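Letter by letter, the chains look like this.
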Amino acid sequence: MRGTPRLRSTFGMLAIGTVAALAFTGCAGAPAAEAGPELSDEPVTLRFTWWGNDARTAATEEVIAAFEKEYPNITIEPQFTDWGGYWDKLATETAANDTPDIIQMDEKYIATYGARGALLDLAPLDEQIDTADFPESALATGTLDGAMYGIPVGLTSYSIMANPTLLEQAGVDEVDDESWTWDDLAEVGGAVSAAGAGSIWGVAPWGFEDGGLNNWARQHDDALYDADGDVGIDPDTLAGWYEQLLTMVDAGTTPPAGNIVEKQSGGLAESFTATNTAAFGPWWGNQLTALTDASGSPIEIMRVPTVDGEAGESAYYKPSMFWSISARTEHPAEAALFLDYLANSEDAADILLTERGVPANEKIRAYIEPKLSETDAAVVAYLDELADVVGDAPRMTPPGGSAIEALLKQYTEQVLFAQLTPEQAAEGFIADLQAAIDAA
């Protein structure tokens, strides 16, 4: 595990340069905004929606207040929820033609919403939204069929968060995360569970989001989607992911199935990591500060274990999220102004730092480096240290692929409660995800 992180100025070019340019064909884009919409002198109200915990919400509301002070005729109405309820709410609003003006968008959903005409093409707003400090490879991650549906907010990578206090209490030595394997995780996690006597476990579970699945697939020379945008993962690869989880559940290395499912509905603050009831847990790297604050413990960020202890480019940089604008906004100029403020303002950067990922805007990233807290600096250092071993980002989630999260939850729970074998779950998941893509 790591001590004091080092910040290296090479990170920006290394990190952004490895993000793949991703696009799919055959989908109708959203109507483009007229070039150069003019700002109104009249009062304007914009609705802004995002997902996140209390720390993200507080920081975002502080940014809103700063923006409103600079532009007093524009009011930003905040709308936020946790990840679990965010997408159902956004889908309902979109179906009712009541989508918020500014949307925090995720990679899994950007093609689905963009292809269905729900997001504004930002490319014609180049005079309103300055993207000069974003490398083209980063901007391409939010682009579908030539239409830019989102500005990448930041970069992140999948990780393991470790609680050194729990490890010390269990008598577990430090782990070399540059060479550790899944067997190593099971061994040290088992030791923590044994010492925890049913109240503290070694490893928080996985199986409920696609970051871990993408990483696992890449470790097995596989990929979730093929070049045509269809589900391409081998059923054996997916079954192995579930088998690894079941092995740890059966050994008591992870919590029991009932505890796992109960925690899934609680959000970050109620997670095993944040409640100091698991020594290791899979998370996106940019969540380090939020987890540290929620837990009150010194959480440390580590690489994901691999099958053989070799990195093998299984790690990758993911756009942490995007800023998007609704295609139905009545105020594209004001929405673009606020998006530009989020993406380029030093005042906003001072508040947000790395909470939404290490900024994809290279100028802003350089600006905040001297201002970072210990945990924020650790996030940057983690991504920096991965630079030599990351591979290209996975293919963009195709339209309809946003169903993956609900499907993973469904099939993981059935595996945990022995309603399906890993092999049956793998076959069912692949068939259902492909059906969702075909229906999009």
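Throughout what follows, the structure given in this document is the object of discussion. (Residues numbered from 1 in each chain as written. Predicted model: local features only at pLDDT ≥ 70, side-chain atom pairs only at ≥ 80, totals over all residues. Heavy atoms only, no water.)

## Remarks on the overall build of the protein
- In terms of regular secondary structure, the protein is built from 17 helices and 14 strands.
- Over its C-alpha trace the protein gives a radius of gyration of 21 Å, about what one expects of a compact globule, namely 22 Å for 440 residues.
- The buried share among the 440 residues of the protein stands at 59%.
- Considering only contacts within the protein whose residues lie at least 6 apart along the sequence, 79% involve residues at least 24 apart.
- With the model as given, the accessible surface of the protein reaches about 17400 Å², and the carbon-plus-sulfur share is 48%.
- Distance from the positive charge centre (20 side chains) to the negative charge centre (72 side chains) of the protein: 3 Å. (Helix = DSSP H or I, 4+ residues; strand = E, 2+ residues; numbered from the N terminus. Rg over C-alpha atoms; globule rule 2.2 N^0.38 Å. Buried < 20%, exposed > 50% of the residue type's maximum accessible area, 1.4 Å probe, protein only. Contact = heavy atoms within 4.5 Å. Areas by Shrake-Rupley, 256 points an atom, 1.4 Å probe, with all protein chains shown as cover. Lys, Arg positive; Asp, Glu negative; His and termini not counted. Charge placed at Lys NZ, Arg CZ, Asp CG, Glu CD.)

## Here we look at helix α8 (residues 210-219)
- Among the 10 residues in α8, 10 count as buried, and that is most of the element.
- Its side-chain oxygen placed 2.7 Å from the backbone nitrogen of glycine 211, glutamate 209 serves as the N-cap of α8.
- Of the residues one or two after α8, aspartate 221 is the one with positive phi, at around 55°. (Polar contact = N/O pair within 3.5 Å; in protein donor to acceptor, adjacent residues only side chain to side chain.)

## Considering empty space enclosed by the protein
- Counted under the stated rule, the structure contains four cavities of 30 Å³ or more.
- Here the largest cavity defines a volume of roughly 200 Å³.
- What lines the largest cavity is a set of 19 residues, and nearest its centre among them are Val153, Leu342, Ala343, Leu352 and Pro359.
- Of all elements in the fold, only β6 (151-152), α12 (332-344) and α13 (346-352) reach the threshold of two or more residues within the lining of the largest cavity.
- The residue inventory of the lining of the largest cavity, partitioned by class, reads 14 nonpolar, four polar and one charged. (1 Å grid on protein atoms, 1.4 Å probe; cavity = no way out; pocket = protein on both sides within 12 Å on 5 of 7 lines; lining within 4 Å. Points joined across faces, edges and corners; volume = space filled by probe spheres on them. Nonpolar A, V, L, I, M, F, W, Y, C, P; charged D, E, K, R; others polar.)

## Here's the deal with the environment of asparagine 215
- Secondary-structure assignment places asparagine 215 in helix α8.
- Classification of asparagine 215 as buried rests on a relative accessible area of 4%.
- The residues touching asparagine 215, leaving out its near neighbours within four places in the chain, are Val304, Ser314, Ala315 and Tyr316.
- Reaching out from asparagine 215, the side chain makes a polar contact with the side chain of glutamine 219 at a distance of 2.7 Å.

## A few points about the sheet that holds strand β14 (residues 358-359)
- Spatial ordering of the open sheet is given by β12-β7-β14, a layout of three strands whose pairing is antiparallel. Every interior strand has two partners, whereas the edge strands, β12 (318-319) and β14, have only one.
- In this structure, strand β7 (residues 154-156) lies alongside β14, joined through two bridges in antiparallel fashion. Across the sheet, leucine 155 pairs through a bridge with valine 358, a residue of β14. (Pairing = 2+ DSSP bridges.)

## Section: the nonpolar core
- Counting 52 residues, the largest nonpolar core has Phe48 and Met105 as the members making the most contacts within it.
- The element that contributes the greatest number of residues to this core is α12, accounting for eight residues.
- Core analysis: the second largest hydrophobic core is formed by 50 residues, Leu185, Ala239, Ala425 and Phe429 among them. (Core = buried A, V, L, I, M, F, W, Y, C linked by side-chain atoms within 4.5 Å.)

## A short note on the side chain of threonine 57
- Along the polypeptide, threonine 57 turns up in helix α2 (residues 54-70).
- Under the relative-accessibility criterion, threonine 57 is labelled buried at 7%.
- Setting aside residues no more than four positions away along its own chain, threonine 57 makes contact with Trp50, Gly52 and Phe80.

## With respect to the packing of α2 against α12
- α12 packs onto α2 with a crossing angle of 125° between their chain directions and a minimal axis gap of 11 Å. As far as their axial angle goes, α12 and α2 are oblique. The handedness of the crossing between α2 and α12 is right-handed. Here α2 contributes Val63, Ile64, Ala66, Phe67 and Glu70 to the contact with α12, which in turn contributes Leu337, Phe338, Tyr341 and Leu342. (Axes fitted to C-alpha atoms, helices over the stretch in contact; angles between N-to-C directions. Parallel < 35°, antiparallel > 145°, perpendicular 65-115°, else oblique. Left-handed = near helix turned anticlockwise from the far one by under 90°.)

## Topic: the pairing of strand β8 (residues 158-162)
- Across the five residues that make up β8, a large majority, five, are buried.
- On β8, burial covers both faces: Tyr158, Ile160 and Ala162 on one face and Ser159 and Met161 on the other are all buried.
- Pairing between β8 and strand β10 (residues 278-284): five bridges, direction antiparallel. Bridge pairing in β10 places isoleucine 160 opposite proline 282.

## With respect to the packing of aromatic side chains
- All told, the structure shown has 23 aromatic pairs when counted by the stated rule.
- The interplanar angle of 45° and the centroid separation of 5.5 Å between the aromatic rings of tryptophan 51 and tryptophan 87 together place this pair among those described as tilted. Of this pair, tryptophan 51 sits in strand β1 (residues 44-51) while tryptophan 87 sits in helix α3 (residues 83-95), placing them 36 residues apart in sequence.
- Residue classification places tryptophan 51 among the buried residues on the basis of a relative accessible area of 7%.
- Connected via pairs of aromatic rings, a cluster forms that spans Phe48, Trp50, Phe67, Tyr71, Phe80, Trp323, Phe338 and Tyr341.
- Across from the ring centre of tryptophan 284, 5.2 Å away, lies the NZ or CZ of lysine 318, which sits over that ring. (Phe/Tyr/Trp six-rings, centres within 6.5 Å; stacked < 30°, edge-to-face > 60°. Lys NZ or Arg CZ within 6 Å of the ring centre and 35° of its normal.)

## Some points on the sheet that holds strand β13 (residues 322-325)
- The strand order β2-β1-β3-β13-β6 describes an open sheet built from five strands, whose pairing is mixed. With one partner strand each, in any of the chains shown, β2 (74-81) and β6 form the two edges of the open sheet.
- In the sheet, β6 pairs with β13 via two bridges, with the strands oriented antiparallel. Residue pairing for β13: isoleucine 151 is matched across the bridge by tryptophan 323.
- Against the sheet, helix α4 (residues 107-115) touches β3 (102-105) and β13, its axis set at about 130° to β3.
- In this fold α12 packs onto β1, β2, β3, β6 and β13, with an angle of close to 170° to the strand it touches most, β13.

By themselves, these observations are geometric and do not establish any function.
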